[in-house]
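# Architecture at a glance
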Amino acid sequence: MNYAYLLLCVDGSLYAGWTNDLRRRLHAHNEGHGAKYTRGRRPVRLVYAEAFAAKEEAQKRECQFKKMKRQERLSLIRAGQDNAVITALIEAVNAGELE
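Quantities reported herein were computed from a predicted structural model and do not represent experimental measurements.

## Some words on the side chain of N2
- Following the sequence through the fold, N2 ends up in strand β1 (residues 2-8).
- With residues near it in sequence (within four places) discarded, N2 still touches W18, T19, N20, E50, A51, F52, A53, A54, K55 and A58.

## Thoughts on the side chain of E50
- Here E50 shows up in strand β3 (residues 45-52).
- Judged by relative accessible area, E50 falls into the buried class, the value being 16%.
- In terms of polar contacts, E50 uses its side chain to reach the side chain of Y48, at 2.5 Å.
- A distance of 2.9 Å separates the side chain of E50 from the side chain of R61, its partner in a polar contact.
- Excluding residues that lie within four positions of it along the chain, E50 makes contacts with N2, Y3, A4, R61, F65 and L76.

## A few points about the sheet that holds β3
- Judged by pairing direction, the sheet is antiparallel, and its three strands sit side by side in the order β2-β1-β3 without closing on themselves. Whereas interior strands pair on both sides, the edge strands pair on one side only; in this sheet they are β2 (14-19) and β3. Between one strand and the next, the sheet's axes are offset by a mean angle of 20°, whatever the strand orientation.
- Pairing of β1 with β3, which is carried by seven bridges, proceeds in the antiparallel orientation.

## Examining the nonpolar core
- Core analysis: the biggest nonpolar cluster contains 26 residues, and Y5, L6, L7, L22, L46, Y48 and F65 have the highest contact counts within it.
- Going through the elements one at a time, β1, β2, α1 (22-31), β3, α3 (55-67), α4 (70-81) and α5 (84-98) are the ones with two or more residues in this core.
- Apart from the residues within four sequence positions on either side, Y5 is in contact with Y15, A16, G17, W18, T19, L22, R25, H29, L46, Y48, A49 and F65.

## Considering the pairing of β2
- Burial of β2 is extensive: five of the six residues sit out of reach of the surface.
- When β1 meets β2, the two strands line up antiparallel, connected through six bridges. Bridge pairing links L7 to Y15 in β2.
- Once β1 ends, the chain turns through five residues before running back antiparallel as β2, passing G12 with a positive phi of about 90°.

## Let's talk about α3
- In this model, α3 (13 residues) spans 19 Å end to end at C-alpha, consistent with the 18 Å of a helix rising 1.5 Å per residue.
- Along α3, the residues that are buried comprise A58, R61, E62 and F65. End-on, the buried residues of α3 take up no more than an arc of 105°, which puts them together on one face. Opposite the buried face of α3, at more than 90 degrees from it, the exposed residues are E56, K60 and K67.
- Contacts from the buried residues of α3 go to β1, β2, β3 and α4.

Cut-offs used in this document
- Numbering of residues starts from 1 in each chain and follows the order in which that chain's sequence is written.
- Side-chain atom pairs in this predicted model are given and counted only at pLDDT of 80 or more, local residue features only at pLDDT of at least 70, and totals for whole chains, interfaces and linings cover all residues.
- Values shown for side chains rest on all heavy atoms present in the structure; no hydrogens or waters enter the calculation.
- Helix and strand definitions follow DSSP, with helices as H or I runs of at least four residues and strands as E runs of at least two, each counted in order from the N terminus.
- By definition in these notes, contact holds between two residues if any of their heavy atoms fall within 4.5 Å.
- Buried residues are those whose accessible area, probed at 1.4 Å on protein chains only, stays under 20% of the maximum for their type, while exposed residues exceed 50% and partly exposed ones sit between those limits.
- Definition of a polar contact: a pair of N or O atoms within 3.5 Å, with one able to donate and the other able to accept a hydrogen when the atoms are protein atoms, and with sequence-neighbouring residues admitted only if both atoms are side-chain atoms.
- Strand pairing is defined by DSSP finding a minimum of two bridges between the two strands.
- In this analysis, axes come from line fits to C-alpha atoms, helices being fitted only over the stretch in contact, and the angle between any two N-to-C directions falls in the range 0 to 180 degrees.
- Remark: nonpolar core denotes a set of buried residues (Ala, Val, Leu, Ile, Met, Phe, Trp, Tyr, Cys) joined through side-chain atoms within 4.5 Å.
- The length a helix should cover is 1.5 Å for every residue beyond the first.
- Relevant arc is that of directions from the helix axis to the C-beta atoms, nothing else.

So, in structure tokens, the structure goes:
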């Protein structure tokens with residue numbers, strides 16, 4: 001499975017990315033081995049994710065995230081909080097990061 005995701009950084013900014021392993025990628029971001037952008041903005045927390053069968057679909061969605069205005073991203077995050085599948089995924093990944 002491939003994922004397009006949004007992270008909330010400690011400074012309140014949002015970061016968009018894609019991965020095939022959310023838990024591993026979140027851990028990399030929080031260890032300073034993720035994107036250069038997140039290194040100085042740790043800790044980061046997963047706030048939104050969408051699953052895709054193909055890598056190219058996740059990359060395309062990541063690109064769409066990056067083109068969104070902040071308010072559009074925040075609306076997407078709020079909508080995701082009403083989706084039980086997305087909420088369960090986010091909680092599971094964030095809980096795994098804290099172990």
